[in-house]
Amino acid sequence: MSFAMSSESLLDLAKSRQPADRERLLLAIADLCDAPHADLAMKSPAIQALLSSIFMSLVVEAERDIRHRLSEKLAAAEWAPSALINVLALDDIEIARPIIAQSPVLKDLDLVRLLVEATIEHQIEVARRPHLSHSVVSAILEQSEPAVLTALASNHTAELSPSDMEELVEASRQIAAMRTPLSQHPKLTGQLAKRLYLWVGLAVRKGLADRFRLDVTVLDEALAASINEAHTSLISPPSSEAVPRMTREGEREIMEQRLIDKLYSAGQLRPGYLIRALREGRLGLFAGALAILGRFDAAHVRATLDSDRPELLALACAAVGIDRSVFPDILDMTRQLNDGRPGGGADGARKASVAFAPVSPEVAASAFRQAARSLAA
């Protein structure tokens, strides 16, 4: 069959709205893709115009399954029309994934546009794409989206400069998911490994120490001193009768946040610390730590503590791994430190036990965010 005959057949099929014809059209295009010398033949302007017309007609009205199969077929094709590839790259993520991952038609500007216009799932796929250029890496770093940064940290083929690596390591201070992939990154230096060491868990620390032959005694002492300094500053804040009360409270809030940040960065902010904070009478520290552990809006946590709905506090605690048996003590200590709030009395406490139903922490966290949003409004 000549290409002229093929093109007439393809156009006829493209005009048809019958699902069976759509399927035949896809198969006919697949045959062209696999034909000998297809890359060379299909790069001619006339054929490109024809293909663009056929493909765009197919994609606009085609069923999802056909679009998915088409994206898989065209993912590696150098001759695929640019407009079509960009349309598929913005389609549902399952359709877009093979295109974003490997299409040679996508250029840096196309990838940057995806970072700006597409969903987080699309952006993550961009960050995972092999051999990302420095311009695309810079766009990812500029946006600072945690999930996308984590994907970039796992991409060992991306064009990362020393300053880019430094920026990623610094970001991992707040984004725990980045730490393990960064610890295994081939471009991690010994100097950056020392900084990363202070923020990771024990297993990753051992890997870093073995890989870079770090002096763990010195690093562990520095870590302990840093945390102890933060604790000491919080327990004994500078005070003076000449300093207004609101100023002292503001200083205390700042010191509490610094302590939380240090503990979190060092991988030592755990659910048990919430109980410790309440036992030491530090309601603000409890609220701040709960917000960080659950990745909650701090305003939502504060509104929950001042509400008459203890079940929301229970949801937040369930989301960060607090056991049902411990929650009554948490609620009692919170009420003692917060003028009886969250209210609801004994009946409210019974209602709160429902929050510890057998659901995942992610479900509990989502329920808390949705309910707490109305309190903080």
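Residues numbered from 1 in each chain as written. Predicted model: local features only at pLDDT ≥ 70, side-chain atom pairs only at ≥ 80, totals over all residues. Heavy atoms only, no water.

*Asks:* Is there a simple way to explain helix α5 (residues 64-74) in this structure?
*Replies:* What sets the pattern is the α-helix's 3.6 residues per turn: residues three or four places apart point alike. All buried positions along α5 are accounted for by Ile66, Arg67, Leu70, Ser71 and Leu74. Here the buried residues of α5 occupy an arc of 135° about the axis, which is enough to place them on one side. (Buried < 20%, exposed > 50% of the residue type's maximum accessible area, 1.4 Å probe, protein only. Helix = DSSP H or I, 4+ residues; strand = E, 2+ residues; numbered from the N terminus. Arc of directions from axis to C-beta.)

*Asks:* Got a minute to help me understand the packing of helix α8 (residues 108-117) against helix α10 (residues 134-143) in this structure?
*Replies:* The packing of two helices is summarised by the inter-axis angle and the distance between the axes. At their nearest, the axes of α8 and α10 sit 9 Å apart, and the two run at 15° to each other. In terms of their interaxial angle, α8 and α10 are classed as roughly parallel. The handedness of the crossing between α8 and α10 comes out as right-handed. Across the interface between the two elements, Asp108, Leu111, Val112, Leu115 and Val116 from α8 touch Ser135, Val136, Ala139, Ile140 and Gln143 from α10. Across the contact of α8 with α10, the residue classes break down as 7 nonpolar, 2 polar and 1 charged. (Axes fitted to C-alpha atoms, helices over the stretch in contact; angles between N-to-C directions. Parallel < 35°, antiparallel > 145°, perpendicular 65-115°, else oblique. Left-handed = near helix turned anticlockwise from the far one by under 90°. Contact = heavy atoms within 4.5 Å. Nonpolar A, V, L, I, M, F, W, Y, C, P; charged D, E, K, R; others polar.)

*Asks:* Got a minute to help me understand the pattern of salt bridges in this structure?
*Replies:* In a structure, side chains of opposite charge can pair up when their charged atoms sit close to one another. This model, assessed by the stated rule, comprises 16 salt bridges. Two residues, Arg195 and Glu170, come together in a salt bridge whose shortest N-O distance is 2.7 Å. A residue pair is termed long-range when its members are at least 10 positions apart, and Arg195 in helix α14 (residues 190-197) and Glu170 in helix α12 (residues 162-171) qualify at 25 residues. A residue is classified by how much of its surface remains accessible, and Arg195, at 25% relative accessible area, is partly exposed. (Salt bridge = Lys/Arg side-chain N within 4 Å of Asp/Glu carboxyl O.)

*Asks:* Explain α14 here, please?
*Replies:* The set of residues buried in α14 consists of Leu192, Ala193, Leu196 and Tyr197. Relative to the axis of α14, the buried residues are bounded by an arc of 145° and lie together on one face.

*Asks:* For this particular structure, what's the right way to read the confidence of the model for the protein?
*Replies:* When pLDDT drops low, the exact placement of atoms in the prediction is not to be read closely. The predicted model of the protein has a mean per-residue pLDDT of 80, with 75% of residues at 70 or higher. Per-residue pLDDT, averaged within each element of the protein, yields its smallest value for helix α3 (residues 38-42) (50) and its largest for helix α7 (residues 93-102) (95). Below pLDDT 50 for its whole length, residues 1-5 participates in 4 contacts with residues either more than four positions away or in separate chains. With pLDDT under 50 throughout, residues 236-243 is counted as low confidence; its partners more than four residues away or in other chains account for 7 contacts. (pLDDT = per-residue confidence, 0-100.)

*Asks:* Explain the side chain of Ser183 to me, please; I cannot follow it from the model alone.
*Replies:* Inspection of the secondary structure puts Ser183 in helix α13 (residues 179-183). Residue class for Ser183 comes out buried when judged on its relative accessible area of 10%. A polar atom in the side chain of Ser183 sits 2.6 Å from the backbone oxygen of Thr180. In this view, Ser183 contacts Leu188, Leu196, Val204, Leu208 and Arg211; residues no more than four positions away in its chain are not counted. (Polar contact = N/O pair within 3.5 Å; in protein donor to acceptor, adjacent residues only side chain to side chain.)

*Asks:* When you look at the packing of aromatic side chains in this model, what are you seeing that I'm missing?
*Replies:* Centre-to-centre distance and the angle between the planes together describe a pair of aromatic rings. Per the counting criterion, the structure on display carries 1 aromatic pair. Ring centres 4.6 Å apart and planes at 50° place the aromatic pair Phe296 and Phe368 in the tilted group. Residue Phe296 is found in the loop between α19 (283-294) and α20 (298-305), and its partner Phe368 is found in helix α24 (residues 361-376); the two are separated by 72 residues along the sequence. Its relative accessible area of 1% is what places Phe368 among the buried residues. Sitting over the ring of Tyr197, Arg205 keeps its end group 5.7 Å from the ring centre. (Phe/Tyr/Trp six-rings, centres within 6.5 Å; stacked < 30°, edge-to-face > 60°. Lys NZ or Arg CZ within 6 Å of the ring centre and 35° of its normal.)

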